[in-house]
Amino acid sequence: MDIMRIKIVTSGDRFLPNESAILIMNHRTRTDGLFLIKAMYQAVAPRVTSQRLKFIIKATVRHIPFAGWLIQTAGNLFVRRNWKVDEDHLSRWLDYELALNRRCQLVIFPEGTDLTLFTKWRSNKYAKSKGLPEYEYTLHPRSKGFTYLVRRLQQADYLDAIYDITIAYPDRVPQNELDILRGKMPDEVHIHVKRTAQTDLPKDELVLRDWLEDCWTQKNRILKEFYANKKFSNETWPAAVCNRALLWIVICFFIAITSK
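What you are looking at is a predicted structure, and each value in this text was computed from that prediction instead of being measured.

Basis of the calculations
Residues numbered from 1 in each chain as written. Predicted model: local features only at pLDDT ≥ 70, side-chain atom pairs only at ≥ 80, totals over all residues. Heavy atoms only, no water. Phe/Tyr/Trp six-rings, centres within 6.5 Å; stacked < 30°, edge-to-face > 60°. Buried < 20%, exposed > 50% of the residue type's maximum accessible area, 1.4 Å probe, protein only. Lys NZ or Arg CZ within 6 Å of the ring centre and 35° of its normal. Helix = DSSP H or I, 4+ residues; strand = E, 2+ residues; numbered from the N terminus. Polar contact = N/O pair within 3.5 Å; in protein donor to acceptor, adjacent residues only side chain to side chain. Contact = heavy atoms within 4.5 Å. Salt bridge = Lys/Arg side-chain N within 4 Å of Asp/Glu carboxyl O. Core = buried A, V, L, I, M, F, W, Y, C linked by side-chain atoms within 4.5 Å.

A. Fine view of the packing of aromatic side chains. In total, this model carries seven aromatic pairs according to the counting rule given. Taking 5.0 Å as the distance between ring centres and 85° as the angle between the ring planes, the aromatic pair formed by Phe 226 and Tyr 227 counts as edge-to-face. Judged by relative accessible area, which is 25%, Tyr 227 ranks as partly exposed. Each residue in the set Tyr 137, Phe 226, Tyr 227 and Phe 232 is aromatic and connected to the rest through ring pairs, giving one cluster. Across the ring face of Tyr 158, the terminal group of Arg 103 is positioned such that the distance to the ring centre comes to 4.6 Å. The ring of Trp 216 is capped by Lys 219, whose NZ or CZ atom sits 4.6 Å from the centre of that ring.

Laid out in structure tokens, this is it:
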């Protein structure tokens, strides 16, 4: 094994270039997005310019020197986790994108934060109070922002598909950037993709909320199977690799500027 490379194993449906899509993903660790970016660009290579990923990110990131400016100029969306504020921000951002007639792939983490012992306890406590099943491998998804985005894009006839993405780590789990700096890097990262076309999506907000919850129920099922078998599927895409040294440099820079 090349110690400078992390193998990214992707299975399931292929990403279609130039689609206007929403990507929903479980949030196992704070580093999930780094590996998703690599998998997404590998999926459409060599037509990498057809991939226009936009992330929904916590608003505090905007104030990070230099990095916050880069993230903002790339057109990513910042949220405050205050729906009265975020709804207006989402609305104006969507109006801007629609006016430009620019198709992009919007990545959201419906769980709102990464999976830890504390966040799992808090999520399952909430689930129990609402009569929902307790999850072992994910947190419960938050539906308000998701359903709002889907309905706005559906009404504008601007949504081609939703990609349900599941990420898993078969060996070491880098919970955060410091773990990577300490050398706790995975040998492999596995990503499974399920595409649902716009024509197969619910149009009602309440039904969409149930649809999202069902996605997470299925996600827990396939994650249970994954950790038993250490794979999602026997059929995978051509393998992608992530350079450990480059990843380490990126994380070093991020921690340096956020620790000030």
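Moving on, there is more to tell.
B. Local environment of the side chain of Gln 175. Inspection of the secondary structure puts Gln 175 in the loop between strand S6 (161-168) and helix H6 (177-181). By relative accessible area, Gln 175 is classed as buried at 18%. Engagement of the side chain of Gln 175 in a polar contact is seen with the side chain of Arg 28, the distance being 3.0 Å. Beyond its immediate chain neighbours, meaning those up to four positions away, Gln 175 contacts Arg 28, Thr 29, Arg 30, Asp 114, Leu 115 and Thr 116.

C. Layout of the side chain of His 140. Take His 140: it is sitting in the loop between helix H4 (117-129) and helix H5 (144-155). The exposure class assigned to His 140 is buried, which follows from its relative accessible area of 6%. With near-sequence residues (within four places) excluded, His 140 lies in contact with Glu 111, Ser 123, Asn 124, Ala 127, Leu 132, Pro 133, Glu 134, Tyr 135 and Glu 213.

D. Summary view of the pattern of salt bridges. Throughout the structure, instances matching the rule amount to eight salt bridges. Taking the shortest distance from any N to any O, the salt bridge between Lys 120 and Glu 136 comes out at 3.2 Å. In this pair, Lys 120 is assigned in helix H4 and Glu 136 in the loop between H4 and H5, connecting sequence segments 16 residues apart. Look at Glu 136 and you get partly exposed, because its relative accessible area is 47%. Between Glu 225 and Arg 221 there is a salt bridge, with its nearest N and O atoms 3.2 Å apart. Placement of the pair is Glu 225 and Arg 221 together in helix H7 (residues 205-229), with a separation of four residues, close to one helical turn. When its relative accessible area of 40% is taken as the criterion, Glu 225 is described as partly exposed.

E. Summary view of the nonpolar core. Grouped together as the largest cluster of nonpolar side chains are 28 residues, with contacts concentrated most on Phe 15, Leu 23, Tyr 163, Ile 165 and Ile 191. Put simply, the parts of the chain that give this core at least two residues each are strand S1 (5-12), strand S2 (21-25), helix H1 (32-44), strand S3 (53-58), S6 and strand S7 (188-197). Leu 23 has contacts with Phe 15, Met 40, Leu 53, Gln 105, Leu 106, Val 107, Ile 108, Tyr 163 and Ile 165, leaving out every residue within four places of it along the chain. The next biggest cluster of nonpolar side chains, apart from the first, holds 24 residues, and it includes Cys 104, Tyr 135, Tyr 148 and Val 150.

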